[in-house]
Structures are given as C-alpha cells and as structure tokens.
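Working through the structure, step by step
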Amino acid sequence: MSAIFLILASIGYLGLLFGIAYFSERLETRNPRLVNNPYTYALSLAVYCTAWTFYGSVGRAAYSGIEFLAIYIGPSLMAPLWYFMLRKIILIVRHQQINSIADFISSRYGKSTFLGGLVTIMALFFIIPYISLQLKAISSSFSLLIDRTSSLGASLDGRSLLGDPAFYAAMILAAFTILFGIRHLETTQKHSGLVAAISFESVIKLFAFWAVGVFVCWGIFESPTQLFEQANSHEEIAALFRFDATATVNPLTWVVLIVLSMATIVCLPRQFHISVIENQNPAHVNKAIWLFPMYLFLINLFVLPIAVGGRLMFSGQGVDADTFVLSLPLLEGQTELAFVVFIGGLSAASSMVIVSVTALSIMSSNNLLMPWLVRTRTVREGLEVDLSDRLIHIRRILTFIIMLLAYVYFITLGQKAPLVSTGLISFVGVAQFAPVILGALYWKDGTKRAATSALLVGFAVWAFTLPFAALADAGVLSEGIHQEGLWGLSILKPYALFGLEGLDPISHATFWSLLLNSLTYLIVSQFSQPSALEQKQANLFVQIHRYIAEPKEATMWRGKAFLRDLKPLLARFLGEERSYQIVQEYSISNGLDLENITEVKAEFVERVETALAGAVGAASARLLIASAVKEETLDASEIMFALDETKEVMQYSKELEEKQAELETTYKQLQQANGRLQAMDQLRNEFLRTVTHELRTPITSIRSMAQIVHENPDLPLSKRAEFLGIVVKESERLSRLINEVLDLEKMEAGHAKMNLQRLDMVEVISTSVERLTPLVQAKNQQLRWKAPNDPIWIMGDRDRMIQVVINLLSNAIKFSPAEKGIVHLELKIRKDQVRFLVRDNGKGISGEALPYIFDKFTQFNSTREQEKGSGLGLSICWRIVYLHQGKIWVESTLGQGASFWVELPHMKNSL
Amino acid sequence: MLNQITKTRVLIVDDEPNIATAIDFLMQQQGYETTVARDGEEALQAIADFQPNLVILDVMMPRKDGLETATAIRQSSAYQDVPIIFLTARDSEQDKLKGYEAGGELYLTKPFDNHDLVAMVNELRVYG
C-alpha cells in the first residue's frame, strides 16, 4: 500500500474524529441525549481496550493460550460492584468538584498537596511507557503496511525524527487532545465531544477486529471447527486452548491478572477520567454494568481463532505474533482488509492516548504545577491578570510535553519490550492506587501519613521488581543483580524478593507490592493522627450519601473572611464572568445587598474553595484560600484533638468562655431576628388582606354578571353579549393578578432563579420597543428611541430585563394621552452604571403618591382605563432591578408627565 | 313624602365600573330609578342632585372612601336618614364594626349573591 495513501487515510480518520467531536458538541445543545446516554457511556468505557487488546491479545494468546482473557475477566467481575463503588466515587467527585484520580486521593487525605503530586508523578511513570506502547503499535502497523519501494515509503523508516511515523502520530494526537480534551477549566463542564469520539472509536475497533476474525474463520479456513481440528494435530498449539494438566495457563498467574485488572479498571487514570469525571449521569452506570462486559466478550471472541490460525499459517517463519491480525490478511493478499485492521488499531491506540494524556495533563497542571505557582507571590498577588486562560494554556503545553516524553520513551527504551509486558508493568503500577482508594471509600481511619507511606512503599517495590529488573535484563544495569541481589544482599533479588522464588515476574511484583502497600497503609493508619480536615474529608467520602441528603456540614473556617480578598481569587482563576455569577448567587440566596457585603460567611468561603478546586484541584484551592482568609481558631473537633494530645485544660476553659460569649451574641442575634420576623409577619398579613381584596373585586363582577345571565334567559342579545364580555375580561384580570402575585412572591422569597448572563441592554430595549410598537400606533402616539451604536453590557436575566422594560414602557403608553402622547427612551453609561430612562408626557404622579409608587397595590392614578393594572407591575420591576444589584426611581410633577430611571452595574467589555 | 308616589331612587357608588353595571341592572330590574357615582366626592354631589331613597356604597374607593362618605352623609341635615348598604371586599368583624359606626344600615361582602342584595334593598325600602 502506498505510504501517501496510508498517511492521508490516517489523517482522514483522525479528521473524522475531529468532526464527530466537533459536531456532537454543537448538536448537544439541541439534543443533549446524543452524548448523555448510557450506551455512549458504556462504549466510552471501552477505552480500556487499547492497541494492546487489538494486536497484543492475539500475540499473547499465540503462546500463552487463554491467559490473555484474565485481564478482561477482572473488569467483568468488577462491573457488578460498580453499582456501589463507581456510583459512590461519582457522587463524591461531583460534590467535591474533583478532576482527576490524583485530586481524588489528595482530597480524601486532607487535600494534601504532597499526596496529589506523588500520585501524579507515579501515574506519569506508569502511563507514559503505556502511551509509548500505543505509538509503537501505530508505527509498526504502519511500517508493515507501506510500500518500501517508493521514495516517501523509504524515507519514513523511523531513523530520523522527521522520518518517523510515530512522531507524527504523537503530534496529531496531542493536537486532538488539546482541542477536545482540554476545553473547560472547571470539570463540572464535560467534554462531550471527546466522549463521543471515544465511543465512536470503540465501535470502529470492534468492527475491524471482527472483520479479521470472520476472515480467518471462514476465509482462510473453512469454518472454526476445521480450524481447531487442524490445530489439534499440533500438540503445542492444541495446548493453548486446553484446560487440562498440559494447559499452558498457570492458574496462579490467572488469579493475579484478574485481581490486577479488577484494580486497574477503576485506578487507571484514563478509566477514572472517562468513567467518573466525564460521567454525565450516575444512573448510566447501571446499564454499563452489563453493556461493558458484553463489549469485552465480543472483542475477545475471535482472539483465539486468529492466534491459532496465525500459528498454523506462519508455522516456523518467525513472524511476530503481535502482528498476526495484520499479517494474516496481508498473507492472503487482502490489502483492503489489512487497511481496515490498520484503522481499527489506530482507533484503539488513539482513544487510549487521547484520554490518558487528557487525564495526565490535568493531573500535572493541578497537582504539580499549580501548588508551586500558587506559592509563588507573582501568581497570588499580581491580581490584575486573569489567569483562567493561562491555566488552560498550561494544560495544553503539558499535553505536548507528555506526548513528547512518551515519544522519547518510545525511541529509547520502548522498542525493546513486547506489547503485553509493558502494559502489565503499567497495570501493576496503577494497582498501587487501589488500597488507598478502597480505604478512601470505605474506611474512615486511613490517614494522610498512611496513604503517603503506602504509596511510596508500593511505588518502590514496583520500581525495584519490574522496571529496575527489566533494565537489568536488558543489560542497561548490571545483570549480576539477579544472581546476587542489590548491594550483594540475597534477600534483595528483583525476581525473588525476600527469598520468594518460583513466581513469574508479574505475579511476584504484584504480590509483594500490593501486600507491602496495604500493610503499610493499615499499620501506619493505626499509629498516626488525622488532622481535623482529614477527618472531615474522611467522613464526607465514606458517608457521601448522608452528606448529599443533608448538605449541612461542619465548616472548617472560623476566621474572618472578606469579599475583597476572595473575589479577586475567583476572578483570577475562573474569569470575571463566572466570578461575578458566584458572588451574585451568594448575595441573592442570602438576601444581601452586593455593595454592602464585606465580611462573608464560612459557607461562602467553602463555596469559593469548591469552585476553585474544580479548576485547580483540591490541594491548590486549599492553599489559595489559606492565603486569602485569615484563619483564627480551630473548630470543635480540632480543639478536642488538642486536648487529647496536650491535656491543656486551661485552654479548654478559655475556649468555653469564648463559646459562652459566642452563645450570648447568638442569643441577641436570635432576638433581633425574631423581632424582624414578627414585623415581616405583620407585613405579610397586610399583603394577604390586600391580595384577598384585589382578588374579590373581579370575582364579584364575574359572579354577579354570570348570575344575571343565568337567571334571565330572555335577556336581550346585546345585553347578554355585554355581560358575558365583562365576565371574560374580569376572568383574564383575575388570572393575570394571580400570576403576578405568585411571581412576586417567588422573587421575594428568593426562589426565582435569575439566569444571569452577559446582556446587551441596547438589544433588550430594542426588542421590547418592537413588541409594543403596535400599541403605540393604536393610540397614535410617538415613541422616541435612538439605539446607541455599540452594545452596552450588563449581567442580567434577559427575560426579566425585558419584563422590566415592557412594564415601564406600557405604563408610559397607558398614561400618555392618545394622539398627543410622546414616550421618550434613553440609554447611556454614567460612571460604572448603565442608566435607562422612560419618560412620558401623561398626567404625572402627585407628590403624596410618589413615595409609595413601587409599593404593592398602589394604584396611584385611579384611571378609568378599560384595562386596569393589577397594581403589582412596578413592585415586580423594583424587585427584578433589586435582584440585579441596580436601582429604580421616579421623578414626576403632577400634570407634567413622569420619568422612570433604572440604573444597573455596567459590565466592562474586557472579559 | 314625595318619594312614596314616585319611583324609588337608588344611588350606586362603586369605583369598579363592572360591578356598578351589574348592580345598576339589578336595581332597574326591580323597577327602581338609579344613578351611578364612581367615588365619594361624586357620591356627595349626586346625593344633592338626585336625592336618593337608598345608597349602595363601596368601602374601598379612591379620593374619598365609603366610610368617610357615609360619615359626611350622616352629618348633613338634609340626608342624614337615607339608608346605606355597605358593599365591601373586607369582611373582618372589625371592618364591619367600622361600617356600622360610620352609619351604615346593612353590610354585604363581595362577592355577593344577587338575591341577597335585592332582598336587602327591598327590606330597607319597606322599613327604612
């Protein structure tokens, strides 16, 4: 096959992925279920099946028989447990805005920066070789397919950087990851394009693999039966699929691999990312429990037939079994099929690379780079610059760095190892996370110190028994280590640690690393004290269901916190707009005036911390908050710890005194609150009486008129029509009134959600004017509105703003005389405020009515209009403007028209 | 007196035009002569011009409310005996008391049954 065709086809395929990712993100706004459904989710989980599955399973099956199945049986056994475990992890991750497995572990163990960094570094060690494995798969399948006689084919021999297909693969995949994996800063926003592309790839690789399987079974051989019959005549091949004493499978190895893969299906950073972080709905797990094992079953169905077929066809030719999938079609001259296989392999490899690199770059930025950046003064104190963009750039640069590292590993060490062993070495490494994660979920007593020690021990044992040993095997390190042990100590032999012999290297490493890791975790936990924060996180993780049911949590901050310290932090890391939203949500839900907030409650500090954690990780968020908030004293549980440790009763009594004083203040505050409540109650009663009165008026007309029509069948038709017309009109008035009362109630109680967004007031007013133009024309009035040329931005709820403008405008139209009425509109920026004026030349408002104009049910003008208002319109306007942190007021002299002013905070263009 | 040989005249005072229209119809159906006023001021004017035998008076009205209007009627020497029916959407005991204090004969809450209103008017016309 010509090199240029293959290159173009590969780029075309990746282009197709781009397209799928792009369009599913676009279409998602119209049809959210496109990506947000359990089938897409289950397919995306199949990112588990990499090039290792695609090429390597056959390779391993060709010499070790059904041993390869173990790493698919593990996840299948694990799947039913997801119902409890994975769902729990998802809940915790949502609650704490966690964005990677490193963040998860760090967050559980007291938001430890060190632990987050450690997990990240370990993950980089485990996963980068694994990524390079995928590059190797792409590159070798490419080399196998291309025609070496052409000049382009000959130049792509991998001897130089620019002649190496793996290098190009690495760079294109990095670009894809950046475009679709690193989109949003906060993890509450999902990368649905990425998930769609990964699911698509899962379909492609399954299809391609089946194509080869069917071809081998029915194309090369007559039927599967014939294939296996032929194999039975070769003793060593037949042993591959036998379970009796002559079987090649070692039962112990099987069990070890099953346990390993059970751990990795949760702990692999890419699995954690796709199954937890990108999960859109915890309920999707329920279907994935059977869909995912089914996928694993389907993709493994033809492994053994292909392996056996390959052994038979290439008997004694020294063809690498890892390439059977590709070389069998080539042997039979099936170039098209080989091409399909190549694309399948590319999809398996690229999906793994994209998701892994996404997860690793988020981990590196949040757990390695951020804690360091946050500690440097420039980031913390140069508060003018918006950092949110820069953070995304950092992640993008990290993506390239990680891909480059994988590539460098590929050209240095990676070429030597077979597909499976590199993968298994990664698996053993990743499984080291399992004990601390299990503990995080189900055991409150695990401490930070224990988790750190356990991970360090596991990491060290892994490093010694696998990569270190492999380097010695490869001759990079002295081979003598295998005979004499490290430093000549016979108990430190990499393949026979502490004298344990007779195991294969993987089982041996798994046994020692997981055993010592878990023991360290359990033992150190018994001998170390958790801090209060650790305890709180432990409770939250283990009992997440209870936390979600009752969101009241013991707060960790008791110091003074000021909005002026927190707001710049938010703006810096999440951007101006998001920051504004968070602050405004707080002010609205607490009924506070934004301008008057100085000190903020602990609950807000926690809200800010969680929001920051979503962007920079729990540990960094913790550091940022600590730098901004002056913490004074500890909370109750931490005080109890202090007592346990030092028995300083003096301090305890001092705390008691403080508590006493605190109680007194609380009591006073309660009394005041009670007084306010009573006053509010009175207001409420008055309001209810007025509402009742207002409701009774239309009901009276309706009842009376209806009764007249009902009891006078011989009423003249014209009278009848008049009276029924009144019934209809009054009914309309009644329902309008009810709607407005409910609307106002909702806003006053703080239940109405303002959907705040950047809003162009020019557009809002123009839209409102358009809607009312017919009314103006009907009364033959003039409406004067000259729209400014440039947009004027505010933060606001569009529908609510239109409601305000229409209300003021229709009042103006209503109270201006027909024929001679002039309604004048104006919009301008004054200082930091947007000012908006509606002026009419109606009869105006009397001086005594002016102060009550925005009160409920003030019908100032006792008009004789056909449509009498409800008396609530201006109250609603006032409330909406208030909820937007703005002001509304009126200027008027009786007989000379009225001017209504609205003032709202201006949003600068610089976002 | 003069009004015994002419038609009974009823003054209807309500700021809600639709309610006034309904009462107006009901009174005319009974064969009474009617006039409608839309607030207290207009009502006092109409009393002088129209010399009603009976007043149906809404309580909550702009400018001069029903209670003030009733007090004014009771204080004038010429019309102090005209029977007054209060019509109101307020129905607490306190509100009723206020009505009787201001000099109302009867008190009817909105929304009302047409028959009740007619019965009240007829009763006052006979005995008032």
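Residues numbered from 1 in each chain as written. Chains lettered and ligands numbered in written order. Predicted model: local features only at pLDDT ≥ 70, side-chain atom pairs only at ≥ 80, totals over all residues.

Glancing now at the overall build of chain B. Within chain B, the regular secondary structure consists of five helices and five strands. The order of helices and strands in chain B, counted from the N terminus, is β-α-β-α-β-α-β-α-β-α. When the 128 residues of chain B are sorted by exposure, 41% land in the buried category. Within chain B, contacts between residues at least 6 apart in sequence are counted, and of these 59% link residues at least 24 apart. (Helix = DSSP H or I, 4+ residues; strand = E, 2+ residues; numbered from the N terminus. Buried ≥ 20, exposed ≤ 12 C-beta atoms within 10 Å, placed from the backbone. Contact = placed C-beta atoms within 7 Å.)

Within chain A, the secondary structure is distributed over 37 helices and nine strands. A buried classification covers 45% of the 911 residues belonging to chain A. Looking at chain A alone, contacts between residues at least 24 apart form 81% of all its contacts between residues at least 6 apart.

Right, let's get into helix H6 (residues 101–108) of chain A. Helical geometry: 3.6 residues make up each α-helical turn, so side chains three or four residues apart lie on a common side. Residue and element names in this part refer to chain A. The element H6 is extensively covered by neighbouring structure, given that eight of its eight residues are classed as buried. Listed as buried for H6 are Ile101, Ala102, Asp103, Phe104, Ile105, Ser106, Ser107 and Arg108. Downstream of H6 by a residue or two, Gly110 has a phi angle that is positive, lying close to 70 degrees.

All names here are of chain B. Position of Thr35 relative to the elements: it lies in strand S2 (residues 33–37). A count of 18 C-beta atoms within 10 Å places Thr35 in the partly exposed class. The sequence separation of Thr35 and Val13 amounts to 22 residues, and the corresponding C-alpha distance is 8.5 Å.

In this complex, chain A contributes 14 residues to the contact, which on the side of chain B involves 13 residues. Among the secondary structure elements, those contributing two or more residues to the side of chain A that touches chain B are helix H33 (649–711) and helix H34 (717–748) of chain A.

The nonpolar side chains of a soluble globular protein tend to be buried with one another. Among the nonpolar cores identified, the biggest contains 244 residues, and Ile105(A), Val212(A), Cys267(A) and Ala307(A) are the most heavily contacted of them. Residue contributions to this core peak at 20 residues, all from helix H18 (residues 335–375) of chain A. The next biggest cluster of nonpolar side chains, apart from the first, holds 37 residues, and it includes Met705(A), Val10(B), Ala22(B) and Val121(B). (Core = buried A, V, L, I, M, F, W, Y, C linked by C-beta atoms within 7 Å.)

Residue and element names in this part refer to chain B. When helix H3 (residues 66–75) is considered as a whole, its buried residues turn out to be Gly66, Leu67, Thr69, Ala70 and Ile73. In an axial view of H3, the angular spread of the buried residues amounts to 160 degrees, which keeps them on one side of the axis. Packed against the buried residues of H3 are strand S1 (9–13), helix H2 (40–50), strand S3 (54–58), strand S4 (84–88) and helix H4 (93–101). (Arc of directions from axis to C-beta.)

All names here are of chain A. Here five strands make up an open sheet; going across it, the order is S4-S6-S7-S9-S8 and the pairing mixed. At either margin of the open sheet sits one strand with a lone partner, and together these are strand S4 (782–785) and strand S8 (887–892). Strand-to-strand twist across the sheet, computed as the mean angle between neighbouring axes with direction ignored, equals 15 degrees. Of the pairings in the sheet, the one linking S8 to strand S9 (residues 898–905) comprises six bridges and is antiparallel in character. In the strand pairing of S9, Lys887 is matched with Glu903. Contacts from helix H35 (residues 761–778) reach S4, strand S6 (822–830) and strand S7 (833–839), with the element oriented near 170 degrees to S4. (Pairing = 2+ DSSP bridges. Axes fitted to C-alpha atoms, helices over the stretch in contact; angles between N-to-C directions.)

Here we take up the sheet that holds strand S5 (residues 106–109) of chain B. All names here are of chain B. What the five strands build is an open sheet, ordered S2-S1-S3-S4-S5; its pairing is parallel. The open sheet has two free edges, formed respectively by S2 and S5, since each of these has just one partner strand. Between one strand axis and the next, the sheet turns through 20 degrees on average, direction left out of account. As defined by bridge partners, S1 adjoins S2 across five bridges and the pair is classed as parallel. Residue pairing for S2: Leu11 is matched across the bridge by Thr35.

Moving on to the packing of H6(A) against H18(A). All names here are of chain A. Axis separation between H6 and H18 bottoms out at 8 Å; the angle between their running directions is 35 degrees. Together, Ala102, Asp103 and Ser106 of H6 and Met363, Asn366 and Asn367 of H18 make up the contact between the two elements. Its residues placed into classes, the contact of H6 with H18 shows two nonpolar, three polar and one charged. (Nonpolar A, V, L, I, M, F, W, Y, C, P; charged D, E, K, R; others polar.)

The next point concerns the pairing of S1(B). Residue and element names in this part refer to chain B. The element S1 is extensively covered by neighbouring structure, given that four of its five residues are classed as buried. The handedness of the S1 to S2 crossover, carried by helix H1 (residues 17–29), is right-handed. Sheet analysis places S1 next to S3, joined by four bridges and oriented parallel. Pairing of Val10 across the sheet is with Leu54, part of S3. (Right-handed = clockwise from strand over helix to strand, strands pointing away.)

Another point: the confidence of the model for chain A. Residue and element names in this part refer to chain A. Per-residue confidence for chain A gives a mean pLDDT of 80, with 85% of residues at or over 70. In the model of chain A, helix H32 (residues 636–646) stands out as the element of lowest mean pLDDT, 45, in contrast to S9, which has the highest, 91. Between residues 638–648, whose pLDDT stays under 50, and residues either more than four places distant or in other chains, the model counts nine contacts. Here residues 860–867 scores under 50 on pLDDT; set against residues more than four positions off or in separate chains, the count is eight contacts. (pLDDT = per-residue confidence, 0-100.)

Turning our eyes to something else, we now look at the confidence of the model for chain B. Of all residues in chain B, 93% have pLDDT values of 70 or greater, and the mean over the chain is 85. For this predicted complex, the interface confidence score (ipTM) comes to 0.90, while the overall pTM stands at 0.59.

Once that is clear, we can look at the pairing of S6(A). Residue and element names in this part refer to chain A. As paired strands, S4 and S6 are joined by four bridges and run parallel to one another. Paired with Gln782 across the two strands is Ile822, which belongs to S6. Counting the residues between successive antiparallel strands, the hairpin from S6 to S7 contains two residues, one of them, Lys831, with a positive phi of roughly 50 degrees.

Quick look at the packing of helix H3 (residues 51–64) of chain A against helix H7 (residues 113–145) of chain A now. Residues and elements named next belong to chain A. Interhelical geometry of H3 versus H7 gives an angle of 65 degrees and a closest axis separation of 10 Å. On the basis of the axis angle, H3 is roughly perpendicular to H7. As H3 packs across H7, the resulting crossing turns out to be left-handed. For the pair H3 and H7, contact is made by Ala51, Trp52 and Tyr55 and by Leu133, Gln134 and Ala137, respectively. Partitioned by chemical class, the residues of the contact of H3 with H7 number five nonpolar, one polar and no charged. (Parallel < 35°, antiparallel > 145°, perpendicular 65-115°, else oblique. Left-handed = near helix turned anticlockwise from the far one by under 90°.)

All right, on to unusual backbone geometry then. In this structure, Pro111(B) follows Lys110(B) across a cis peptide bond, with omega equal to -10 degrees. With respect to the helices and strands, Pro111(B) occurs in the loop between S5 and helix H5 (114–127). You will see that Glu819(A), though not glycine, has its phi angle at about 65 degrees, which is positive. Mapped onto the elements of the fold, Glu819(A) is located in the loop between helix H36 (798–815) and S6. The exposed category is assigned to Glu819(A), around which 9 C-beta atoms lie within 10 Å. Not every positive phi belongs to a glycine, and Lys831(A) is a case in point at roughly 50 degrees. Along the chain, the position of Lys831(A) falls in the loop between S6 and S7.

Locating Asn53(B) in the fold gives a position in the loop between H2 and S3. Residue class for Asn53(B) comes out buried when judged on the 22 C-beta atoms lying within 10 Å of it.

Let us now look at the environment of Lys64(B). All names here are of chain B. Residue placement: Lys64 occurs in the loop between S3 and H3. When the C-alpha atoms of Lys64 and Ala43 are compared, they prove to be 9.4 Å apart, with 21 residues separating the residues in sequence. Beyond its immediate stretch of four places on either side in the chain, Lys64 contacts Asp39, Gly40, Glu41 and Thr69.

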